[in-house]
Amino acid sequence: MPAATRPAGHALVEALIEQGISTCFGVPGESYLAVLDGFHEHRERIRFVACRQEGGAAFMAEAQGKLSGRPGICFATRGPGATNASIGVHSAFQDSTPMILFVGQVASDQRDREAFQEIDYRQMFSPGTLGLAKWVAEVQSADRLPEYVARAFRTAMQGRPGPVVLALPEDMLTTRTAAPVLPRVEPVSAWPAPGALRDLRSMLLAAERPFVIAGGSGWTAESAAALQRFAENWQLPVGCAFRFQDCFDNRHPLYAGDVGIGINPRLAARIRDADLVIALGARLGEMTTGGYTLLEAPRPRQKLVHVHAGAEELGRVYAADLMMLASMDVAAKALESITAPPDLRWRAHAAAARADYEANQVAPTVAPLDMAVVVKTLQARLPEDTVWTNGAGNFSGWLHRYCRYPGLQHHGRTQLACTSGAMGYGLPAAVAASLLQPARTVVNLAGDGDFLMTGQELATATGYGAGRGSGPGAGPGAGRLLSVLVDNGTYGTIRMHQECEYPGRVSGSDLFNPDFAALARAYGWHGDFVDRTEQFEPALERWLASGKPGLLHLKLDANVSTSRTTLEAIRRQALQR
Ligand SMILES: Cc1ncc(C[n+]2csc(CCOP(=O)(O)OP(=O)(O)O)c2C)c(N)n1
Ligand SMILES: [Mg+2]
């Protein structure tokens, strides 16, 4: 009996279901109607969340990749859809997040004429170590579609994770095929070589002031727990790479702080002064290395051990003394098997690193609205497993400094933030988290510039019922979605740099802002306004009582929010160069 056929667009949806995907994000287009019809066909098992702009959809898919460790899925139409979505592909690349962007393509018999909205995606997303995508292909044959999808999943997850783009010619999607879907793909893990573990032990035994920087993607609950045991066995102080703050439990006595923008100066000094730095999973990018000053490129003063899942990443910037090709789901499990001697010389060094972190949590009171109190109040009032999201801007510094992210062995990922520094990421990431994990509370901290880049996704949240709570009996705030918007009337980060480099000559960084609380209410959200510290907690309680997703519009003086500590840190970095 001949095998049943269906359009390739349906086969694609079946393949996604087989890979464990139950939610996809996108903006519809006439270029992939056959796929949309496949979503209709399989609507009991998979949903297509229709977003308001492909930038928002791609950020949602990127957040899905961060949360699940499997590729987040975005669909976009040809030219205009693909160009809008490219911000999410770039972010997934810089953040090493598994993601697949499916993009419509003109029919095969129209190719290369610059047909309507035609782009050559293999050029546009051209892969490479500085490209936009990890792999890009155009699927010419309906019968081979399952092969391409399986390879896209593997490529997105295996080695250094990243984004894949598959272009789908319109006529290919409507061609009928009997090709069976291929089984679920699991990435192959790379284990550190036994010799490398012996070398690491020797380097640890010779060290006086070791320091661990953990980060990157591919961590699992088990491997984060193993990292904690490795750190405990050797009493190693641990910092987390820029925007990978949930790799190590921030409440743990060995946690020393975040190694990113606005780093605690005492932590920066400690890393500079370390004699051995073990970078676990972190790419050691510009933001994590203080502009390549904490660790000087290409040969740091400290002895450097670099453990990374991508062979191409090892030795690309830093000539590390020991390089280990290992994926983060298993690397720490191997490290915890290295036996430590009973007499470790650096116990006091580790305790001092923690004391510096605790001291940096205390800041002088700021009036009339104190953002340190805002972050601490949110964390005290909301569940421990709250997911925190942010985009780019000085406002994010308050979250990085004062939020104590639990290690991901406890609740999975709790930080969704782009190391790519893309403005507009936080709200879509929060909407995605809320839709994908409806029992979780999700808080987005946004800037006034940041928020309006993707603010239209408020409608997506309302339309799909995100953030309304997980029902009676759940704890306070469980399953709720909140955006806390810091309105300082300026692109504050840019203004700060202007004040440093062109004092008194503010140019292009002032903002005109709407009444954000009223805007949120227009979308069916709860909206409220706060401009004094003592108003914040009552406003939070009113949102909790509202039963709706909420937005708290915080009005802040522009000079306060060009955060002094950040300003000082940047000045210091500039001086060091
Ligand atoms: C998509 C994008 N465009 C531009 C920038 C450059 N940029 C970085 S921070 C920033 C200002 C952010 O302003 P806001 O969200 O108001 O935060 P604030 O710094 O005022 O706290 C800009 C324009 C960027 N990072 N991303
Ligand atoms: Mg601002």
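Anything mentioned here points back to the structure above.
Only a predicted model underlies this, so the values are computations on that prediction, with no experimental measurement involved.

Describing the coordination of the magnesium ion (ligand 2)
Then, in step 1: Coordination of the magnesium ion (ligand 2) by the protein is provided by D448 (OD), N488 (OD1) and T490 (O), with metal-donor distances spanning 2.1 to 2.2 Å.
Then, in step 2: Counting residues between consecutive donors of the magnesium ion (ligand 2) along the chain gives the motif D-x39-N-x1-T. Taken together, the positions of D448 in helix α17 (residues 448-454) and N488 in the loop between β18 (481-487) and α19 (492-501) put the pair 40 residues apart, joining distant regions of the chain. Take D448 and N488: they sit in the same class, and that class is buried.

A few points about empty space enclosed by the protein
Then, in step 1: All chains considered together, the criterion is met by 1 cavity of 30 Å³ or more.
Then, in step 2: Looking at the largest cavity, its volume works out to about 50 Å³.
Then, in step 3: Forming the walls of the largest cavity are S96, R160, P161, G216, S217, G281, H308, A309 and M328.
Then, in step 4: Each residue belonging to the lining of the largest cavity can be placed in one class, and the counts come to 3 nonpolar, 5 polar and 1 charged.

A word on the side chain of T389
Then, in step 1: Tracing the sequence through the fold places T389 in strand β15 (residues 387-390).
Then, in step 2: Since its relative accessible area comes to 0%, T389 is described here as buried.
Then, in step 3: Side-chain polar atoms of T389 contact the backbone oxygen of G426, separated by 2.8 Å.
Then, in step 4: When near neighbours in sequence (up to four residues on either side) are disregarded, T389 contacts L399, L416, G426, A429, A430, V442, V443, N444 and L445.

Remarks on the site of ligand 1
Then, in step 1: Within the structure, ligand 1 sits among 17 residues, and G421, D448, D450, G492 and T493 are positioned closest to it.
Then, in step 2: The backbone of G421 places a nitrogen or oxygen atom 2.8 Å from a nitrogen atom of ligand 1.
Then, in step 3: In this structure, an oxygen atom belonging to ligand 1 sits 2.8 Å away from a side-chain N or O atom of T493.
Then, in step 4: Starting from 590 Å² of accessible surface for ligand 1 in isolation, the protein chains cover 78%.
Then, in step 5: Elements represented by at least two residues in the shell around ligand 1 include exactly α17 and α19.

With respect to the packing of helix α13 (residues 371-381) against helix α21 (residues 533-546)
Then, in step 1: Remark: α13 packs on α21, axes separated minimally by 10 Å, with the N-to-C direction vectors making an angle of 35°. Seen from above, α13 lies across α21 with right-handed handedness. Side by side, α13 and α21 meet where V373, V374, T377, L378 and R381 of the first sit next to T533, F536, E537, L540, E541 and L544 of the second.

Notes on unusual backbone geometry
Then, in step 1: In this structure, the amide linkage connecting A297 to the following residue, P298, adopts the cis form with an omega of 0°.
Then, in step 2: Structurally, P298 is set in the loop between β12 (276-280) and β13 (303-308).
Then, in step 3: In this model, A367 is joined to P368 through a cis peptide bond whose omega is 0°.
Then, in step 4: One non-glycine residue, R243, lies in positive phi territory at about 60°.
Then, in step 5: With respect to the element layout, R243 can be found in the loop between β10 (238-241) and β11 (255-259).
Then, in step 6: Even without being a glycine, Y292 presents a positive backbone phi close to 60°.
Then, in step 7: Residue class for Y292 comes out partly exposed when judged on its relative accessible area of 33%.

Criteria and cut-off values
Residues numbered from 1 in each chain as written. Chains lettered and ligands numbered in written order. Predicted model: local features only at pLDDT ≥ 70, side-chain atom pairs only at ≥ 80, totals over all residues. Heavy atoms only, no water. Donors = N, O, S within 2.8 Å, 3.2 Å for Na, K, Ca; no water. Helix = DSSP H or I, 4+ residues; strand = E, 2+ residues; numbered from the N terminus. Buried < 20%, exposed > 50% of the residue type's maximum accessible area, 1.4 Å probe, protein only. 1 Å grid on protein atoms, 1.4 Å probe; cavity = no way out; pocket = protein on both sides within 12 Å on 5 of 7 lines; lining within 4 Å. Points joined across faces, edges and corners; volume = space filled by probe spheres on them. Nonpolar A, V, L, I, M, F, W, Y, C, P; charged D, E, K, R; others polar. Polar contact = N/O pair within 3.5 Å; in protein donor to acceptor, adjacent residues only side chain to side chain. Contact = heavy atoms within 4.5 Å. Near = heavy atom within 4 Å. Areas by Shrake-Rupley, 256 points an atom, 1.4 Å probe, with all protein chains shown as cover. Axes fitted to C-alpha atoms, helices over the stretch in contact; angles between N-to-C directions. Left-handed = near helix turned anticlockwise from the far one by under 90°.

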